[in-house]
Amino acid sequence: MGEMVLDKQFFADSLAKMAELTEENRDYWTKLDSDIGDGDHGINLSIGFRAVNANLQDNLEKAADVTALLKKSGMLLLSKVGGASGPLYGSFFIKMGKDDAGKEAVSFPEFAGMLKNGVAAVQQRGKAEIGDKTMIDALQPGIEYLEAHKNDDDPVAVMEETVSIMKQGAESTIPLIAKKGRAMRLGERAVGHKDPGSESSWMLMNVFLEEMKK
Ligand code: ADP
Ligand code: MG
């Protein structure tokens, strides 16, 4: 297998697919949030990713590099989305680009490092730990696997396992009591419901996997 190169087009296509995925799952993510939150998670992400998508249509040629594209998208999520998830996903995409400024393309190990920086930003901003019933329960275990396997021979297989671990992480939120976010107020009543952000986050990361397979 030749070395995988992830260029600006890969990131632009991924972001456009994330916007599509968000429209498709708007009602589903909102339903999850109406069980243990305020019923706006899908609506929030839809507002954010519509802005991201509009920027892609307008500015792809102008976005000089991978970092600029991710940063701009993150800034839009951060500024357009009212809920907790806007600043969290916003920081994720902004910080994905922090070490690779100016690059036209990145290798898979570099991409893995970017995702790690993104998850670290979510953790720093939200201060959630594994078991708090947030998107960190999905993202963190996957990113630990990815970091350990980023130099393996088959990047698609590594990303497949990463996403699979994130999906299991989202499932793992079901029996939990929330220690962060709005669901905290529900106490025991949050038990039996999946955390909406853990579900949207593994599904959004799955878009990167699908684009890598192309
Ligand atoms: P809000 O809670 O403000 O209505 P959303 O409904 O869009 O915002 O997003 C809720 C999701 O945000 C939760 O399901 C959870 O995964 C995530 N979340 C909330 N607080 C935190 C936090 N401190 N750290 C990580 N994720 C969090
Ligand atoms: Mg909400």
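The structure this text deals with has already been given above.
Before going into details, it helps to say that this report is about the structure given with it. Just so it is clear, the model here is predicted, and its values are computed rather than measured.

1. Side note on the coordination of the magnesium ion (ligand 2)
Moving on, step 1. Within the protein, the magnesium ion (ligand 2) binds to Asp 33 (OD), Asp 38 (OD) and Asp 40 (OD); these donor distances fall in the range 2.1 to 2.2 Å.
Moving on, step 2. Between consecutive donor residues of the magnesium ion (ligand 2), the sequence gaps follow D-x4-D-x1-D.
Moving on, step 3. Taking relative accessible area as the criterion, Asp 33 reaches 9% and is therefore assigned buried.
Moving on, step 4. Take Asp 38: its relative accessible area is 36%, and that puts it in the partly exposed class.

2. Quick notes on the packing of aromatic side chains
Moving on, step 1. Here the structure, examined in full by the defined rule, presents 9 aromatic pairs.
Moving on, step 2. Judged by centre distance (6.0 Å) and plane angle (25 degrees), the ring pair of Phe 10 and Phe 208 falls under stacked. Of the two residues, Phe 10 sits in helix α1 (residues 8-36) while Phe 208 sits in helix α8 (residues 196-212), which places them 198 residues apart along the sequence. Pair check on accessibility: Phe 10 and Phe 208 agree, each one buried.
Moving on, step 3. For the pair Phe 11 and Phe 208, a centre-to-centre distance of 6.3 Å together with 70 degrees between the ring planes defines the contact as edge-to-face. With Phe 11 in helix α1 and Phe 208 in helix α8, the pair connects residues that are 197 residues apart, well separated along the chain. Phe 208 matches Phe 11 in its accessibility class, with the two residues each being buried.

3. Some points on the site of ligand 1
Moving on, step 1. Neighbouring ligand 1 are 20 residues; Asn 44, Ala 84, Ser 85, Gly 126 and Asp 195 lie closest to it.
Moving on, step 2. Contact between ligand 1 and Asp 33: an oxygen atom at 3.0 Å from a side-chain N or O atom of the residue.
Moving on, step 3. Placement of ligand 1 is best described as lying within the largest pocket.
Moving on, step 4. Going through the elements one at a time, α2 (41-59), α4 (85-96) and α8 are the ones with two or more residues in the shell around ligand 1.
Moving on, step 5. In terms of residues, the shell around ligand 1 owes the most to one element, α8, which gives 3 residues.

4. Examining the packing of α1 against α2
Each pair of packed helices can be summarised by the angle the axes make with each other and by the distance between the axes.
Moving on, step 1. It is at 7 Å that the axes of α1 and α2 come closest, and there the two elements cross at 165 degrees. Judged by the inter-axis angle, α1 sits roughly antiparallel to α2. The handedness of the crossing between α1 and α2 comes out as left-handed. Of α2, the residues touching α1 (which contributes Ala 12, Leu 15, Ala 16, Met 18, Ala 19, Thr 22, Glu 23, Arg 26, Trp 29, Thr 30 and Asp 33) are His 41, Gly 42, Ile 43, Leu 45, Ser 46, Phe 49, Arg 50, Val 52, Asn 53 and Leu 56.
Moving on, step 2. A breakdown of the residues in the contact of α1 with α2 according to their chemical character gives 11 nonpolar, 6 polar and 4 charged.

Criteria and cut-off values
- Residues numbered from 1 in each chain as written.
- Chains lettered and ligands numbered in written order.
- Predicted model: local features only at pLDDT ≥ 70, side-chain atom pairs only at ≥ 80, totals over all residues.
- Heavy atoms only, no water.
- Donors = N, O, S within 2.8 Å, 3.2 Å for Na, K, Ca; no water.
- Buried < 20%, exposed > 50% of the residue type's maximum accessible area, 1.4 Å probe, protein only.
- Phe/Tyr/Trp six-rings, centres within 6.5 Å; stacked < 30°, edge-to-face > 60°.
- Helix = DSSP H or I, 4+ residues; strand = E, 2+ residues; numbered from the N terminus.
- Near = heavy atom within 4 Å.
- Polar contact = N/O pair within 3.5 Å; in protein donor to acceptor, adjacent residues only side chain to side chain.
- 1 Å grid on protein atoms, 1.4 Å probe; cavity = no way out; pocket = protein on both sides within 12 Å on 5 of 7 lines; lining within 4 Å.
- Sits in = over half its atoms within 2 Å of the grid points.
- Axes fitted to C-alpha atoms, helices over the stretch in contact; angles between N-to-C directions.
- Parallel < 35°, antiparallel > 145°, perpendicular 65-115°, else oblique.
- Left-handed = near helix turned anticlockwise from the far one by under 90°.
- Contact = heavy atoms within 4.5 Å.
- Nonpolar A, V, L, I, M, F, W, Y, C, P; charged D, E, K, R; others polar.

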